[in-house]
Number of protein chains: 4
Amino acid sequence: MGVVIDGCPPRLSLTEADIQPDLDRRRPGQSAIVTPRKEADRVEILSGTFEGKTLGTPISMWVKNEDARPEAYNEMASKFRPSHADYTYQAKFGIRNWQGGGRSSARETIGRVAAGAVARKILREQFQVEVVGYVKQVQRIAAQVDPETVKQKQVEANIVRCPDETAAPKMIRLIEKMRRAGDSVGGVIECVARGVPAGWGEPVFDRLEADLGKGMLSLPASKAFEIGSGFAGTLLTGLQHNDAFRNQGGKVRTLTNRSGGIQGGISNGETICFRVAFKPVATVMHEQQTVDVNLQNTTLKGRGRHDPCVLPRAVPMVEAMAALVLVDHALRQRAQCG
Amino acid sequence: MGVVIDGCPPRLSLTEADIQPDLDRRRPGQSAIVTPRKEADRVEILSGTFEGKTLGTPISMWVKNEDARPEAYNEMASKFRPSHADYTYQAKFGIRNWQGGGRSSARETIGRVAAGAVARKILREQFQVEVVGYVKQVQRIAAQVDPETVKQKQVEANIVRCPDETAAPKMIRLIEKMRRAGDSVGGVIECVARGVPAGWGEPVFDRLEADLGKGMLSLPASKAFEIGSGFAGTLLTGLQHNDAFRNQGGKVRTLTNRSGGIQGGISNGETICFRVAFKPVATVMHEQQTVDVNLQNTTLKGRGRHDPCVLPRAVPMVEAMAALVLVDHALRQRAQCG
Amino acid sequence: MGVVIDGCPPRLSLTEADIQPDLDRRRPGQSAIVTPRKEADRVEILSGTFEGKTLGTPISMWVKNEDARPEAYNEMASKFRPSHADYTYQAKFGIRNWQGGGRSSARETIGRVAAGAVARKILREQFQVEVVGYVKQVQRIAAQVDPETVKQKQVEANIVRCPDETAAPKMIRLIEKMRRAGDSVGGVIECVARGVPAGWGEPVFDRLEADLGKGMLSLPASKAFEIGSGFAGTLLTGLQHNDAFRNQGGKVRTLTNRSGGIQGGISNGETICFRVAFKPVATVMHEQQTVDVNLQNTTLKGRGRHDPCVLPRAVPMVEAMAALVLVDHALRQRAQCG
Amino acid sequence: MGVVIDGCPPRLSLTEADIQPDLDRRRPGQSAIVTPRKEADRVEILSGTFEGKTLGTPISMWVKNEDARPEAYNEMASKFRPSHADYTYQAKFGIRNWQGGGRSSARETIGRVAAGAVARKILREQFQVEVVGYVKQVQRIAAQVDPETVKQKQVEANIVRCPDETAAPKMIRLIEKMRRAGDSVGGVIECVARGVPAGWGEPVFDRLEADLGKGMLSLPASKAFEIGSGFAGTLLTGLQHNDAFRNQGGKVRTLTNRSGGIQGGISNGETICFRVAFKPVATVMHEQQTVDVNLQNTTLKGRGRHDPCVLPRAVPMVEAMAALVLVDHALRQRAQCG
């Protein structure tokens, strides 16, 4: 897996040590509730830095594959896995790499997480912006979390990456139960960006929430995105929903934050807060109906070492995409408005 | 309001008569439950066609403003409307056109709807794809609609654009009640695209659902997007959620459609189905807390002629953005895969 | 003719009076050596400004057509003009607007010049950069001009826009002779940008000279581009060609400027200097061989009111494209490097 | 050195053997008149193919560095080489990799040539288009070559890549003389594309010649570009310059090709023919004036193993960029016009 980052500001101090921690939060085998595949996912910076600092030119990085077992995929050469991308790739390209899923493998998110680690560093050091994601819900188990105060340390305090100490163990038990049953489960990740100044975003097509939504919906297994009050906001009236403005300490603030930190496509200085829904992982250890490449009806049973729940490993992916979108808008704002 | 469409295929027959109907579905004053502003919103094609056919060069169109009442906006010169874009524009650009909202006015969606009408025509005539949107929910009133069979004629059968004959009158009554109360209400629009062949979309960043999501989240007042099973899909297990493949009449079909017609970012030939949440309209006829441009706390009461519910007029906007995204991917597919 | 400018910085003072002078330098009928078509080319700003200042949102402008004589173009409906775009448009799109050339008409440069006037204003006011173009050569008559000192006032001192007082009258006489002969003539425009700081440009594909070259080669009738020493530089050896660096007053300067102000794709702080070749105008008042739309051999004689030499009117086009490219790189530099 | 190709059509047969030959034509040490650095430049395809065919997903390739001698560059850490990119990179980014030139090294053209080999294969197999470049001039020694008939085999018949048997040995002798003198020399490469159908290109900003020009001017050491008649065309009148159309065998052809195969930005079916000027290589083995990073005046003498003339190795670079631009327009044409 490789990734190329273009447009990174120069003279940012950057080594593999800045990137590896986020990759470690994404990698297989990190805990008892994720896939046991053994992959160290060691990142190496190939270009774009010099003596520990970014050059301003493209940064390329890579992570070598270590635990590929192509033989585990032989049946996939001829059968389409339900709710995977096998069939659509075949339909689109007329060819597909059935060994390990090829481009459709969720291993592609390594590149996103590596790039996101750089973006988060830029946000932190140059814009004082902090991005924190966490598991908000696993199936019906919902967590109570305060978006204004939650810290990454709390998120990392347990293997399911849920900062609610009551909900987390329940989530873990559910995921373990699912794994034993050869089944899988989905849920919701919430992510906040704190410290974003008012003024990032664009008025029409590239609204900040539109770009955040696109980033999240481009993640494997994501099915939904909401910002601020989201779907629940449709149950309120305008009077109930509006965020009143107040002068607080010389700054324009809102008394509530149903807008989720964005109004008219542009950040308003409040905490940006959004949620992403991830479907239950499609690979399950049960016989399922499908068709083969000759369009014959058949069945397929999941094999291999898959995640019973993608959410713990998806937290750094969500943070990465959020950081990449935010940096992009930060630089656009600097370009146009100085 | 003007719009420029680039990349339209040549030799498509196109006149204002192809575009005006969608603009009429968007325009103010069309019914008792939308803003009573009188704007005919007549579209004029300025370039890009010749003798009733597209030239392949950019198509520019415009719609003249007719019922502007700048004096209605005087108070806005000095006060920020809650949950509007006044403050964020001021923060971003250091200047804003407070007359009628300028760029942040929802009148900008005229351009989207006009371009979308062209996109829908291309989809219909060159790809046999049909896009139909409708109101699925107003506040707590939800409609029952079959995405596989619903027709635009049913949608247009009532002024709220909900094809459920039972729910529609309830929705209308709620909206009328809200207007009398000087308040507003939000809801959900569902949209389907039928006939999309397997193979539209891209594997990673430009997944079809990601581009659809971005399009929808770029619409004024939208707060959430979900495709297929969406948030509700997180309540199922993998076994329950997966869409089994079957050969039906020589075609690969799925027995269920929790994927919403897209797998791995690429269409699978099933009906594409997604939902968009719109918040209650921010302009309400009540005194609300806010600050003025000198950061002094003050209050502001909505005036003017606003919609108590944006949904009936947002249906053609949702269809337009869906059509624009789909045509873009249709042409990308043709470019790369012939 | 309309034009939309995206990404313009906010709060720049801007009215039609900033744009009209450059359009007047481009318009037909301005002097005895250009086409006598009567077109005032009055520009109108439709959006993007408020109380005389830019809003940061897109600026749209237009210029109405006044002197169209579609009947002058009837023969073109069936015959392809040699060395025009009639045939290639027909081949590409399968349709073309033969009235006045449609999109291929050089009237499209109105949009470039209008946008360029805004770009030149940004360069002047925010970056202290001055762009000056002038006619360097008409056919074999070459001018002597010092790129370091030439001023626009000198350029505008005569109708051929050549700041060499000796060469200018000869050029004018040649152009008048060509017009009487119903023939046409080409030449070279040189353009300088002074005050560009070191650091604008990109290392690989978007080198500053590459973007300048693209801008110039996108102008109608242009056939060649060279920066600094250009083709003549190939006659020198490396020792002769290199620009030695010297510290001059605490700044890094070069003793010569064969690089044309750009090294490795990035400006070096010296005057940017390039040349563009324009072919002789294709419309001549003589019978020429061609084919008709049914592929039958035939002849066609130019009619209508065309320029015997495009160069005097092309000067503001060259300046406009240079300014647009430079502003783009200025903002990119600000985005990435702060 | 790595390269990523996006948008390549699927199911194209592709292995390293398709790419290596062009890299061999670019690599150092290939003959007596280029730099003697020993680099095999073996390409490896890392992703994007499966069982010898392209997948439609991004193709990444790389070539490992083998003969780096960082110590050869130590003096460059503190001094700016004249007419190199050292100073401009420092000015732009505030940092630079002075070992081997970093991003500004001409080794970056490996990526272009590798991608170009894929593009040439697509052009050949899917569009029957042939791209051939050759050395047209070294300093004052000009070759006679017929653009309509010249074959790559003739170009490869000698080490200077000039298909004129009389001029080639003179060019070789001049280059050898320059190397002995520690000096360098430049010249002109001509490139043709035969078989391009009428209809590739765009009307305004992305004219085919504009994109070709940008591609060429983005190559290291290039200073000028001309298409068709180019600068020399300015010496003709319109009557002399126009390309008359004739029906030849049922096809629209031109009797001459001063347009260089492109009219109005769009290919007309004739041979596309353009020229690119390359300056003499900046590294010479003589003491030259320069400044150091502390802005002190000093001198610097070239060391290391450099090319006395870049042209023989630049031929595949020119072909590569031409092929990449042409494929891009081929796919754009297919997208829009079917």
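Before reading further, recall that the structure is shown in the block above.
Just so it is clear, the model here is predicted, and its values are computed rather than measured.

Asker: Describe helix α5 (residues 167–180) of chain A, and please don't skip the residues or the numbers.
Answerer: All names here are of chain A. A rise of 1.5 Å per residue sets the reference length of α5, with its 14 residues, at 20 Å; its end C-alpha atoms lie 20 Å apart and thus fit the reference within 8%. Restricting attention to buried positions, one finds in α5 the residues Ala 167, Ala 168, Met 171, Ile 172, Leu 174, Ile 175, Met 178 and Arg 179. Looking straight down α5, one finds that the buried residues subtend no more than 165° of arc, so they occupy a single side. Among the exposed residues of α5, those oriented more than 90 degrees off its buried face are Lys 177 and Arg 180. Positive backbone phi, approximately 65°, marks Gly 182, located one or two places after α5.

Asker: Account for unusual backbone geometry, naming residues and giving values.
Answerer: Residues and elements named next belong to chain B. We note that Ser 83 has phi near 60°; this positive angle belongs to a residue other than glycine. Within the secondary structure layout, Ser 83 lies in the loop between β5 (59–63) and α2 (86–93). For Ser 83, a count of 30 C-beta atoms within 10 Å gives the class buried.

Asker: Break down the relation of the copies chain B and chain A for me, citing the residues and quoting the values.
Answerer: When chain B is fitted to chain A, the residual RMSD is 0.0 Å, and the transformation amounts to a turn of 180° plus an axial shift of 0.0 Å. Such values leave the two copies arranged in the relation of a two-fold axis. Of all interface residues in chain B, 100% are interface residues in chain A too; the two copies therefore contact each other through one and the same surface.

Asker: Explain the relation of the copies chain C and chain B residue by residue, including any values.
Answerer: When chain C is fitted to chain B, the best match, at an RMSD of 0.0 Å, comes from turning it 180° and sliding it 0.0 Å along the axis. When the interface residues of chain C are mapped onto chain B, 100% of them are again interface residues, pointing to one common binding face.

Asker: Explain the sheet that holds strand β1 (residues 2–5) of chain B to me, using residue names and the numbers behind them.
Answerer: Residues and elements named next belong to chain B. Across the sheet, which stays open at both edges, the three strands sit in the order β1-β5-β2 with antiparallel pairing between neighbours. Only two strands of the sheet have a single partner each, and these edge strands are β1 and β2 (43–47). Looking at each pair of strands side by side, their axes are set apart by 25° on average, direction ignored. The pairing of β2 with β5 spans four bridges and is classified as antiparallel. By the bridge assignment, Glu 44 is partnered in β5 with Trp 62. Contacts from helix α1 (residues 16–26) reach β2 and β5 within the one sheet, and its direction differs from that of β2 by about 140°. Where helix α3 (residues 109–127) meets the sheet, it contacts β1, β2 and β5, and its direction lies at approximately 35° from that of β1.

Scoring rules and cut-offs
Residues numbered from 1 in each chain as written. Chains lettered and ligands numbered in written order. Predicted model: local features only at pLDDT ≥ 70, side-chain atom pairs only at ≥ 80, totals over all residues. Helix = DSSP H or I, 4+ residues; strand = E, 2+ residues; numbered from the N terminus. Expected span 1.5 Å × (residues − 1). Buried ≥ 20, exposed ≤ 12 C-beta atoms within 10 Å, placed from the backbone. Arc of directions from axis to C-beta. Least-squares fit on C-alpha atoms with pLDDT ≥ 70 in both. Contact = placed C-beta atoms within 7 Å. Pairing = 2+ DSSP bridges. Axes fitted to C-alpha atoms, helices over the stretch in contact; angles between N-to-C directions.

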